[in-house]
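Understanding the architecture of this molecule
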Amino acid sequence: MHRFWLGAALLFVLSFGLEDTTAPPPIWTYDKPQEWGDYCQDKAAFQSPIFINSSTPVAAHPHLHPVLLTTNCRFHTDTTTVLQESNYRTVEVRLPTNASTGPVCSLFDQNSRELYPFVRFHFHVGPEHGVEGVSADAELHAVFQQSSGKTLVVAVRLRSSKSSSNTIVNFFRATLAAPLPQGGGSSTKLLPSSIGLDDVFPLSDGSYVTYEGSLTTPPCTDKVRWIVFTAVQSIPPSALSELRDALKSYMPRTFAKFGNARAHQPPLGRPVFKFADPTSTTTNRWIMTQEDEDHLKSSIPFTDIVSLDRSFFARHAFGLCIVILVLATIGLFIRLREQPVEVGVSDAAREAATYGTMET
Ligand SMILES: [Zn+2]
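Everything in this summary refers to the structure shown in the same document. (Residues numbered from 1 in each chain as written. Predicted model: local features only at pLDDT ≥ 70, side-chain atom pairs only at ≥ 80, totals over all residues.)

1. Some points on the overall build of the chain
Secondary structure summary: the chain contains seven helices and 17 strands in total. Across the 360 residues of the chain, 28% fall into the buried class. In the chain, the share of contacts with a sequence separation of at least 24, taken over all contacts with a separation of at least 6, comes to 76%. (Helix = DSSP H or I, 4+ residues; strand = E, 2+ residues; numbered from the N terminus. Buried ≥ 20, exposed ≤ 12 C-beta atoms within 10 Å, placed from the backbone. Contact = placed C-beta atoms within 7 Å.)

Pasting the structure below:
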């Protein structure tokens, strides 16, 4: 009898484990957020996502500005690759271009006057951030990061709708088309049609809420600047289905109930500011003009403009030249300092040859 229960227990454990055969051993899971503390860097810091309602201390900030992207945030079909990656928790999309030097797509935070190069975007089916009175099905996170590691994330809340614009249909067809990578895989393809990163931003309303939070997955790194659009973007139902199917294949045991969305975190009295967009629909208003971008290049540190894809030596060529020049100068200086000593020795030797040495 004892053996029977032991065998049954073993079978249960094995069958439970087999359910996630496509995934690696779970380190952290969405059904057990109470265990995330072991993997998050600082549990006491301001965390994300948050729920924004009338009781959230949101203050309308009189000096906030619209989101603004650099001119090369339009990606062209003949020079851009779509790289889809699965990390068992979400689908990440990168858009590497052929250009090995020069500026990359960046977000210019007009509020802090800092430039953040674009890294990737990924999805959460939940969504993660909550905005009172505005429901959504999913959320896109566009991640921007400076070379120092300072991070800004733009959150676009998405809702399935058959009345999606042609622009957004094209955006998802180009970047999220099936087959999405399964279980830790990745896939690449040439971008099938030109798109803009701004294509996925809400067209009718650029209003947003901004606050300091964290990454919403372990290691939950804090001091992340968030910009959360308050309006939702309508996406085609087929795009949401493809996304759901892929995520379900990564998390077959937990996805149906928990999605891949972290629960709302306590606001802890942190400042949350709102930018109320005073304008109505204007195409491409998130892309800065070439003139503005040229002016920007001359007014902020160059290191935040150069491509992240450039090699170490290319990125540090200037610094390496300076180091080599300094070392060469020091070497020359030492050489010149040593020269009189050699002359002195030579003279002493000549003197010894002439007058003989005196042994003591
Ligand atoms: Zn995210």
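Alright, that's what it looks like, and here's the rest.
2. Points about the environment of Ser135
Position of Ser135 among the secondary structure elements: in the loop between β9 (130–131) and β10 (138–145). Taking the C-alpha atoms as reference points, Ser135 and Val232, 97 residues apart in sequence, are found 8.0 Å from one another.

3. Things to note about the nonpolar core
Ranked by internal contacts, the top residues of the largest apolar core, which has 62 residues, are Leu69, Leu107, Phe118, Ala142, Val154, Val156 and Leu243. Not counting residues up to four positions away in its chain, the partners in contact with Val156 are Glu139, Leu140, Val200, Phe201, Pro202, Phe229 and Gln233. (Core = buried A, V, L, I, M, F, W, Y, C linked by C-beta atoms within 7 Å.)

4. Digging into helix α3 (residues 237–250)
Counted at 1.5 Å a residue, the expected span for α3 with its 14 residues is 20 Å, and the 20 Å between its end C-alpha atoms agrees. All of the buried residues in α3 are Ala239, Leu240, Leu243, Ala246, Leu247 and Tyr250. Take α3 and look down its axis: the buried residues cluster within an arc of 130°, on one side only. (Expected span 1.5 Å × (residues − 1). Arc of directions from axis to C-beta.)

5. Here we look at the pairing of strand β7 (residues 106–109)
In the sheet, strand β3 (residues 68–69) pairs with β7 via two bridges, with the strands oriented antiparallel. Note that in β7 the partner of Leu69 across the bridge is Leu107. With four bridges joining them, β7 and strand β8 (residues 114–125) adopt antiparallel strand pairing. Paired with Ser106 across the strands is Pro117, a residue of β8. With antiparallel pairing between neighbouring strands as the criterion, β7 and β8 make up a hairpin whose turn holds four residues, including Arg113 at a positive phi of roughly 55°. (Pairing = 2+ DSSP bridges.)

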